[in-house]
Amino acid sequence: MEHLTTSLDVLFILLGAILVLFMHAGFAFLEVGTVQHKNQVNALVKIMTDLGVSTVAYFFIGYGVSYGVFLGFNLDGQLTQMMTEKSGYELVKFFFLMTFAAAIPAIVSGGIAERAKFYPVLMATFLTVAFVYPFFEGLAWNGNFGFQDWLKESFGAGFHDFAGSVVVHAVGGWIALAAILVLGARHNRYNQDGTIRHVYPPSSIPFLALGAWILSVGWFGFNVMSAQTIEGIQGLVAMNSLMAMVGGIIAATVVGDKDPGFVHNGPLAGLVAICAGSDVVSPLGALVIGLVAGAMFVKAFTWTQNKLKVDDVLGVWPLHGLCGLWGAIAAGIFGSAALGGLGGVSLMSQIIGALVGVLVAFVGGWIIYKLVQKTMGLRMSDEDQYLGADLSIHKIHANPPREEF
Amino acid sequence: MEHLTTSLDVLFILLGAILVLFMHAGFAFLEVGTVQHKNQVNALVKIMTDLGVSTVAYFFIGYGVSYGVFLGFNLDGQLTQMMTEKSGYELVKFFFLMTFAAAIPAIVSGGIAERAKFYPVLMATFLTVAFVYPFFEGLAWNGNFGFQDWLKESFGAGFHDFAGSVVVHAVGGWIALAAILVLGARHNRYNQDGTIRHVYPPSSIPFLALGAWILSVGWFGFNVMSAQTIEGIQGLVAMNSLMAMVGGIIAATVVGDKDPGFVHNGPLAGLVAICAGSDVVSPLGALVIGLVAGAMFVKAFTWTQNKLKVDDVLGVWPLHGLCGLWGAIAAGIFGSAALGGLGGVSLMSQIIGALVGVLVAFVGGWIIYKLVQKTMGLRMSDEDQYLGADLSIHKIHANPPREEF
Amino acid sequence: MEHLTTSLDVLFILLGAILVLFMHAGFAFLEVGTVQHKNQVNALVKIMTDLGVSTVAYFFIGYGVSYGVFLGFNLDGQLTQMMTEKSGYELVKFFFLMTFAAAIPAIVSGGIAERAKFYPVLMATFLTVAFVYPFFEGLAWNGNFGFQDWLKESFGAGFHDFAGSVVVHAVGGWIALAAILVLGARHNRYNQDGTIRHVYPPSSIPFLALGAWILSVGWFGFNVMSAQTIEGIQGLVAMNSLMAMVGGIIAATVVGDKDPGFVHNGPLAGLVAICAGSDVVSPLGALVIGLVAGAMFVKAFTWTQNKLKVDDVLGVWPLHGLCGLWGAIAAGIFGSAALGGLGGVSLMSQIIGALVGVLVAFVGGWIIYKLVQKTMGLRMSDEDQYLGADLSIHKIHANPPREEF
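Residues numbered from 1 in each chain as written. Chains lettered and ligands numbered in written order. Predicted model: local features only at pLDDT ≥ 70, side-chain atom pairs only at ≥ 80, totals over all residues.

*Asks:* Where do I start with the interface of chain C and chain B in this structure?
*Replies:* Interfaces are often sized by the accessible area lost when the parts come together. Taken together, the contact pairs 46 residues of chain C with 39 residues of chain B. Listed by contribution, the elements that provide at least two residues to the side of chain C that touches chain B are α1 (2-34), α2 (40-67), α3 (78-84), α4 (89-101) and α16 (389-394) of chain C. With 14 residues, α1 of chain C is the largest single contributor of residues to the side of chain C that touches chain B. Partitioning the side of chain C that touches chain B into residue classes produces 32 nonpolar, eleven polar and three charged. (Contact = placed C-beta atoms within 7 Å. Helix = DSSP H or I, 4+ residues; strand = E, 2+ residues; numbered from the N terminus. Nonpolar A, V, L, I, M, F, W, Y, C, P; charged D, E, K, R; others polar.)

Here it is as structure tokens:
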């Protein structure tokens, strides 16, 4: 019986890991569809190689930073022990948490698309997943440095971020913002007076939509399996994810006037926002959280591009950075028993936790991308941007001419 | 132990819900690949927004019509109670059943493609999922109005529709037929003398195939998880789904002479037909059911388009409407012990149940689409159809020109 | 409790079957993206129909050859009994193993792409899945003819191939090599002096990448669920699959100089290689196995195309044939306790087992494709190749002209 429960825990968290691994294909196609045709190959290669580098970074360093276990070095035979102990549960847990960590460069990738050099970005990915992400992950999910204890003592409840509205999404979004600011806008994106010079419409709405669908479906693993053991499973988490997703769809469709880019980012906005509180808010609260997130994404995306002149290609800062923040705060609001939630949350802890996450992410991201910029160079030349990342970096088009000679 | 079983029930039905949610991406790409390039965006947006509206309709009204539980209104705190009771099992069950309900507009969408207005169709979606679908769902799956009791008393067995050959597919297909007839054929599809004027080949066989694959894979969740609890799982259901799918592939390939549209709708035809009897027929019976369905789809599709002059773009009436009917009847035939089945089915009950389903669907569909047509208008102007739904409704192409200014 | 465990076994192996079924969509899109645009439809139709024919072949013959159970004939009512016994576990086990068997023609398909006739290849698929594949499957996984006993007695351990580096991948790759040699190179691929005449670049990197992602994600079902029962689940298998996949990504990216075809085949190379030893090597060993496989694929692919003049379109012989061999040998090396593995493997048994697999595959494949060539003809005419398999066989393009008349 005990062995069966352990086996089921392995299966449970493995299913989560598989679903979140699949989300990386979603990140890839969301970016492929949104960037220009001449940068599609680069989008695909970035997501795949970011996953590879993230795994190595998290295995050797990051997981140790957050949870004190430096798996890759097999200190005191820790790794060897995990191979057979508890049917290997600790290894699959690493796999599951790694797919979260690897979401950070996947989020950033969409923001800095179409103008960044290849290996320098991989280096930044390594540093981000090894140090910045796990630092805040450790604060929020492992209570490192007494962060959670302090919040509990001060405000009656710790920082509640069940599946990572802040730990993953806001952190990813704010690192992306730092990277975008370091990198600058795409060549010819804005005129010198700050007006928009070129609009680059998505190259493929079907690929964009495919990415959104894969992300949405995989997200149920992201959220539900964050319980980490089968006996912790909550149907409420799945239901709330659905309701927030739907809220996001509806609001983005109406506010975004049926634009397919908005319609397909709407569910993602809702899902980003529900991560934090999916285990404590009511389904009606989740619907409202999603509605707000969907509308907020549409407004913030337009504002980012047109007013702030921040050239965030996929709108990852509005999507992950802002909706993630909203998610943490919303968990503090709709999680309260007064609004139908299960209680046990503190709005103040939510705000402080979210702001600390944003701070760690933005500062950490800025330092890393600046460092890489200074040492390796980060920005493709104007000529290479004009040619496209596909030809200039990968020597091939997404759809090469039929015959080469 | 009891808690473990409950947790496993939540996991089980959640996996079904995730797989059927993924099927909606399949519906989207099947339609994207089949419609003209100028209507691809519209196909994608319809499926995503239909899901959103269906969830709301089923949450507030539909689920109450079928099962007496009006979740969205939280009467007597029902919804609040479900949040913590039985690990939230009832909420995930709603999620699972909602993904079925939302299949109705997804089926209809393929039939009325390329010529319907946007918000009016969403309104029809709302009404269909709120009232028509759950009315028959309640008859068949909840025994409302003593429907099942009456059949049992009269013919020895109730209407057996394990995973919804009729409840979902035939109902969807016959609502689609009503909608298609109300809406009329696409501009320039037929000449005034009834001969075909324009053939519109599929815009993308790869997207069509992608949709078919996603649907086929997700279908195993649709069928197997219809058991709703882990201890009710039957390997037989999975095996029969496979055999019917394969029968559909083979028959559609041979009868359809290797046409890729037929080859990829073949497995779907088999899977539609096996839903009803997947828990009672033998694998050899399932193979025959699939073979018949695959051949029937090819023949009926051609007949619909060329003889009946019914402009059913994806052939959803032959696929879901007719193969669904065949599935219910086939369950009555191959489910009998004499033909290797597990017995306990009545052919007469199957026929009556199927006909009632068709009647409810066709009449209900007709009323709703007529109502929407009269009040909001349903049909795009000829000019808009010529321009395409993408540009006229969504202001963007599937693959927009590389630079707009 | 016993019933619950049985139900969980059904669910466990069903999830594996669903994930591996999904891999077939991956095979389809990997081929669609890699072949020329004029052969995309043919790629899709081949994978779908190969699945149909494989199921029938394995149901009626192949499963009997490997495990002595001729399901399709229901001898002594075996099939009937399985319908209700153990919640139908044996039927889902068949489904799971069938998805492995059907991988053989899916692998071959990529090697012989763009020049093979349709029905003759389906005939070869039938014979391969009915006889060649299950013959070695039976030797390795069912110990037929005392093969495993003899190895155990001779070398202290049997042939260890946990998830089929050889049983599935090397066998598929070497059958493909035989088929490619029988079939000959594509028209105009090489000049008479053996130099390359035409390079055919991939038609769609996004589809190629989509295929690679689906394969990679599904692979976790391929490997983990090879335990076949829930209590046999090992987190180690999942972790090792991840590490080998990542090793493959990194090595293929560096050695293949960021070429997107290599970057996306890299994870597959790692995953092919880890199948055999995923339950016995350490995660660090798995990383090395993947790194070697990724590099080996890049080098061997180039060598196959440019030096050997073997026109293996997707490089399935390097990918499955060679990396599969490497996987079996690597399990013998890194599985030893001295290198951090769990022990219980013999390098000599690994080498012998792998070579026997290769021999069975190559000779069996050669005989079948020669037989089909002599009786039905195997090769498309030069004119048909020039026109493309899509138009010449399926009478339609992947993206047909918008209006036909």
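*Asks:* Where do I start with helix α9 (residues 205-224) of chain B in this structure?
*Replies:* It helps to recall that an α-helix has 3.6 residues per turn; residues three or four apart then point in one direction. Between the first and last C-alpha of α9 of chain B there are 29 Å, a value that for 20 residues agrees with the 28 Å anticipated at 1.5 Å per step. Most pronounced at Gly218 of chain B, the bend in α9 of chain B amounts to some 30°. (Expected span 1.5 Å × (residues − 1). Bend = angle between axes of the 7 residues up to and from the residue.)

*Asks:* Would you explain the interface of chain C and chain A in this entry?
*Replies:* Taken residue by residue, the interface counts 39 residues in chain C and 46 residues in chain A. Residue composition of the side of chain C that touches chain A, by class: 24 nonpolar, twelve polar and three charged.

*Asks:* Hey, could you run me through the relation of the copies chain C and chain A in this one?
*Replies:* In this arrangement, two copies of a chain are superimposed by a rotation about an axis accompanied by a shift along the axis. For the match of chain C to chain A, the screw axis carries a shift of 0.0 Å, the RMSD comes to 0.0 Å, and the turn is 120°. Between the two chains, the operation in question is that of a three-fold axis. (Least-squares fit on C-alpha atoms with pLDDT ≥ 70 in both.)

*Asks:* When you look at the environment of Met243 of chain C in this model, what are you seeing that I'm missing?
*Replies:* Residue and element names in this part refer to chain C. Inspection of the secondary structure assignment puts Met243 in helix α10 (residues 235-255). Exposure remark for Met243: the 30 C-beta atoms within 10 Å place this residue in the buried category. Separated by 43 residues in sequence, Met243 and Ala286 have C-alpha atoms that sit 5.6 Å apart. Not counting the four nearest positions on each side in its chain, Met243 is found in contact with Pro283, Ala286, Leu287 and Gly290. (Buried ≥ 20, exposed ≤ 12 C-beta atoms within 10 Å, placed from the backbone.)

*Asks:* Hey, could you run me through the environment of Lys86 of chain A in this one?
*Replies:* Residues and elements named next belong to chain A. Tracing the backbone through its elements, the reader meets Lys86 in the loop between α3 (78-84) and α4 (89-101). Judged by local crowding, Lys86 falls into the partly exposed class, with 18 C-beta atoms found within 10 Å. In this structure the C-alpha to C-alpha distance between Lys86 and Thr5, which are 81 residues apart in sequence, comes to 9.9 Å.

*Asks:* Even after reading the chapter, I still don't get the packing of helix α10 (residues 235-255) of chain A against helix α11 (residues 260-274) of chain A, so can you show me in this structure?
*Replies:* A pair of packed helices is captured by two measures, namely the crossing angle of their axes and the spacing between those axes. Residue and element names in this part refer to chain A. One way to put it is that α10 packs onto α11 with a least axis distance of 7 Å and a crossing angle of 140°. With respect to α11, the axis of α10 lies oblique. Considering the relative orientation of α10 and α11, their crossing is right-handed. Where α10 abuts α11, its residues Asn240, Ser241, Ala244, Met245, Gly247, Gly248, Ile249, Ala251, Ala252 and Thr253 lie against Phe262, Val263, Asn265, Gly266, Pro267, Leu268, Ala269, Gly270, Leu271, Ala273 and Ile274. Grouping the constituent residues of the contact of α10 with α11 by class yields 13 nonpolar, eight polar and no charged. (Axes fitted to C-alpha atoms, helices over the stretch in contact; angles between N-to-C directions. Parallel < 35°, antiparallel > 145°, perpendicular 65-115°, else oblique. Left-handed = near helix turned anticlockwise from the far one by under 90°.)

*Asks:* I'm lost on the environment of Trp141 of chain B in this one. Help?
*Replies:* Its location among the elements puts Trp141 of chain B in helix α6 (residues 118-141). The spacing of Trp141 of chain B and Leu236 of chain B is 95 residues in sequence and 21 Å in space, taken between C-alpha atoms.

*Asks:* Help me understand the UniProt feature "domain: Ammonium transporter AmtB-like" (unreviewed entry) in chain A in this model?
*Replies:* Using the residue numbers shown here, the UniProt feature "domain: Ammonium transporter AmtB-like" (unreviewed entry) corresponds to residues 12-395 of chain A. Within the segment residues 12-395 of chain A, helix and strand shares are 72% and 0% respectively, and the terminal C-alpha atoms sit 42 Å apart. (UniProt positions renumbered as here; feature names shortened; annotations may be inferred.)

*Asks:* Looking at this structure, I do not really get unusual backbone geometry. What am I missing?
*Replies:* Negative phi is the rule for most residues except glycine; trans is the rule for most peptide bonds. Not every positive phi belongs to a glycine, and Asn74 of chain A is a case in point at roughly 50°. Turning to its location among the elements, Asn74 of chain A is positioned in the loop between α2 (40-67) and α3. A count of 16 C-beta atoms within 10 Å places Asn74 of chain A in the partly exposed class. The residue Phe145 of chain C is not glycine, and still its phi comes out positive at about 55°. With respect to the element layout, Phe145 of chain C can be found in the loop between α6 (118-141) and α7 (147-155). Judged by the 11 C-beta atoms lying within 10 Å of it, Phe145 of chain C falls in the exposed class.

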